[in-house]
Amino acid sequence: NTFSVDEHVALAALADRASTAIATAHYPGGDDAVIAAIVSQSGGQPLDIVALAQAARDRGATTKEDVAESMRTVTVSNVRTLPAQLREFLQVVSLLNEPIDYSLLRRMWPNDRQLLDLIAAASERFLVQDETQLRFSHALLADAVLETIPVKIPLRRRIVDALSSAPVQTVEDRLQIAEQALACGDRDLAHATLTALAHDANKRGQLRLTINVSQQLLQI
C-alpha cells in the first residue's frame, strides 16, 4: 500500500529556531548562511519559509544573494496569482515613497471597508503597519512587486490624481507629484510643481528646501 503524509504548519510567524528547522528540512543541503538568509527574508512566515527554501534548493543557492534572487522569483510568482484587486493595491503601494500614509490611500480607495480588507490581506505577507503608515516588510518584496506591473504610467497617473486632490498638499505630497509626473514623462507638470514649491519655500525662508528643490529643477 502507498501512504501519503500531509504536512501541517502554523500560519502565525514563527520564532527563528522553528523557522530554521523548517528551512533546513526543505533545503537540507543549504549551509548556515543560506538558511539564515531564508529565515531572515521570510519574516518567519511558514508558507514563505517553505517556498523560499524550495526555490533556494532548486537554484542550488550558496550565498545570501542567491536567496535574494529566489525570494524575488517566489514573490513575483505569488503576486501574479493574487486576486486582481489585491494585486493592484500592492502594485500601487510599490510605486509610492515609504512610509505610506493612510490618508493618501483613502483618496485612492474611498471605501474604508475595502481599503481595510486590502491592507489586512497585504499585511499577512507583504506589508507592515506603523500607526497611520505602511511600508513593505522587506525592500526585496517591493522590487519584486514592481516587476509584476506591465505598464506603470496608468498607476502613476492615478497616484498623481490622488495626491493632487488633497485639500492641502504637504511638501512630501508635492515632491511626490513631481517625482511621479517625471516618471510618466510629464516634465511640464513636474517642473511647474517644483517651481511653485521652490517659490513657496523661499517666501517662508526655508533655505534648505529651496536649495534642494532648485537642484531638482536643474535636473529636469
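Treat the numbers as computed from the prediction; the structure is a model and nothing was measured.

The rules behind each value
Residues numbered from 1 in each chain as written. Predicted model: local features only at pLDDT ≥ 70, side-chain atom pairs only at ≥ 80, totals over all residues. Heavy atoms only, no water. Helix = DSSP H or I, 4+ residues; strand = E, 2+ residues; numbered from the N terminus. Contact = heavy atoms within 4.5 Å. Areas by Shrake-Rupley, 256 points an atom, 1.4 Å probe, with all protein chains shown as cover. Lys, Arg positive; Asp, Glu negative; His and termini not counted. Charge placed at Lys NZ, Arg CZ, Asp CG, Glu CD. Pairing = 2+ DSSP bridges. Buried < 20%, exposed > 50% of the residue type's maximum accessible area, 1.4 Å probe, protein only. Polar contact = N/O pair within 3.5 Å; in protein donor to acceptor, adjacent residues only side chain to side chain. Core = buried A, V, L, I, M, F, W, Y, C linked by side-chain atoms within 4.5 Å. Expected span 1.5 Å × (residues − 1). Arc of directions from axis to C-beta. Salt bridge = Lys/Arg side-chain N within 4 Å of Asp/Glu carboxyl O.

Peer 1: It is not clear to me how the overall build of the chain should be interpreted in this structure. Could you clarify?
Peer 2: In terms of helices and strands, the chain carries 12 helices and 3 strands. Across the chain, the fraction of contacts at a sequence separation of at least 24, relative to all contacts at a separation of at least 6, is 58%. Counting only carbon and sulfur atoms, one obtains 51% of the accessible surface of the chain, whose full area is about 12600 Å². Counting 21 positive and 27 negative side-chain charges, the chain places the averaged centre of each group 6 Å from the other.

Peer 1: Looking at this model, I keep getting lost on the sheet that holds strand β2 (residues 127–130). Mind explaining?
Peer 2: Adjacent strands of a sheet form backbone hydrogen bonds with each other and so pair up, either parallel or antiparallel. Overall, antiparallel pairing links the 3 strands, which are arranged β1-β3-β2 in an open sheet. At either margin of the open sheet sits one strand with a lone partner, and together these are β1 (100–101) and β2.

Peer 1: In this structure, what is going on with the side chain of Q176? I would like to understand it.
Peer 2: With respect to the secondary-structure elements, Q176 resides in helix α10 (residues 171–183). Q176 sits in the buried class, given a relative accessible area of 8%. One polar contact links the side chain of Q176 to the main-chain amide nitrogen of N97, over a distance of 3.0 Å. Contact partners of Q176, with chain neighbours within four places excluded, come to L95, L96, N97 and L163.

Peer 1: Honestly, the nonpolar core in this entry has me stumped. Any pointers?
Peer 2: Side chains of a nonpolar character, in soluble globular proteins, are inclined to be buried together. Ranked by size, the top nonpolar core spans 49 residues in total, and within it I38, F89, L105, L127 and F136 carry the most contacts. In contact with F136, not counting residues within four places along its chain, are L90, V93, S94, E98, F126, L127, V128, L141, A142 and V145. Judged by nonpolar contacts, the second largest core, of 11 residues, contains A178, A181, L194 and V213.

Peer 1: Explain helix α4 (residues 64–80) here, please?
Peer 2: In an α-helix, one turn spans 3.6 residues, which is why side chains three or four residues apart end up on the same side. The terminal C-alpha atoms of α4 lie 24 Å apart, and with 17 residues this matches the ideal 24 Å at 1.5 Å per residue to within 8%. Where α4 is concerned, the buried positions are V67, A68, S70, M71, V74, T75, V76 and V79. Lining the buried residues of α4 we find α2 (32–42), α3 (46–59), α5 (84–94) and α8 (139–147).

Peer 1: Any chance you could explain the side chain of T193 here in plain terms?
Peer 2: Inspection of the secondary structure assignment puts T193 in helix α11 (residues 187–203). Judged by its relative accessible area of 11%, T193 is buried.

Peer 1: Looking at this model, I keep getting lost on α11. Mind explaining?
Peer 2: Its 17 residues place the ends of α11 24 Å apart at the C-alpha level, agreeing with the 24 Å of an ideal helix rising 1.5 Å per residue. Taken residue by residue, α11 has A190, T193, L194, L197, A198 and A201 as its buried positions. When α11 is viewed along its axis, its buried side chains cluster within an angular range of 130° and face the same direction. The outward face of α11, more than 90 degrees from its buried face, is lined by the exposed residues D188, N202 and K203. Packing partners of the buried residues in α11 comprise α10 and α12 (207–219). G205 sits one or two residues past α11 and shows a positive phi near 75°.

Peer 1: Can you help me understand the pairing of β2 in this one?
Peer 2: The side chains of a regular strand alternate between both faces of the sheet. The pairing of β2 with strand β3 (residues 133–136) spans 4 bridges and is classified as antiparallel. If you follow V128 over to β3, its bridge partner there is R135. The turn linking β2 back onto β3 is made up of 2 residues, and E131 within it adopts a positive phi angle of 55°.

Peer 1: For this particular structure, what's the right way to read the pattern of salt bridges?
Peer 2: Charged atoms that come close allow side chains of opposite charge to pair. The final tally for this structure, using the stated rule, is 8 salt bridges. Of the charged contacts, one joins E69 and R72 as a salt bridge, the two residues approaching to 2.7 Å between their closest N and O atoms. Here R72 and E69 lie together in helix α4, a separation of 3 residues that amounts to about one turn. Judged by relative accessible area, which is 28%, E69 ranks as partly exposed. On the accessibility criterion, R72 (25% relative accessible area) is partly exposed. One salt-bridge network, in which partners are shared between bridges, spans E69, R72 and E147.

Peer 1: Can you walk me through the pairing of β3 in this structure?
Peer 2: Residues L134 and F136 line the buried face of β3, whereas the alternating positions Q133 and R135 sit on a face that is not buried. As paired elements, β1 and β3 share 2 bridges and run antiparallel to each other. When the sheet's bridge partners are listed, D101 is paired in β3 with Q133.

In short, geometric facts, not functional conclusions.
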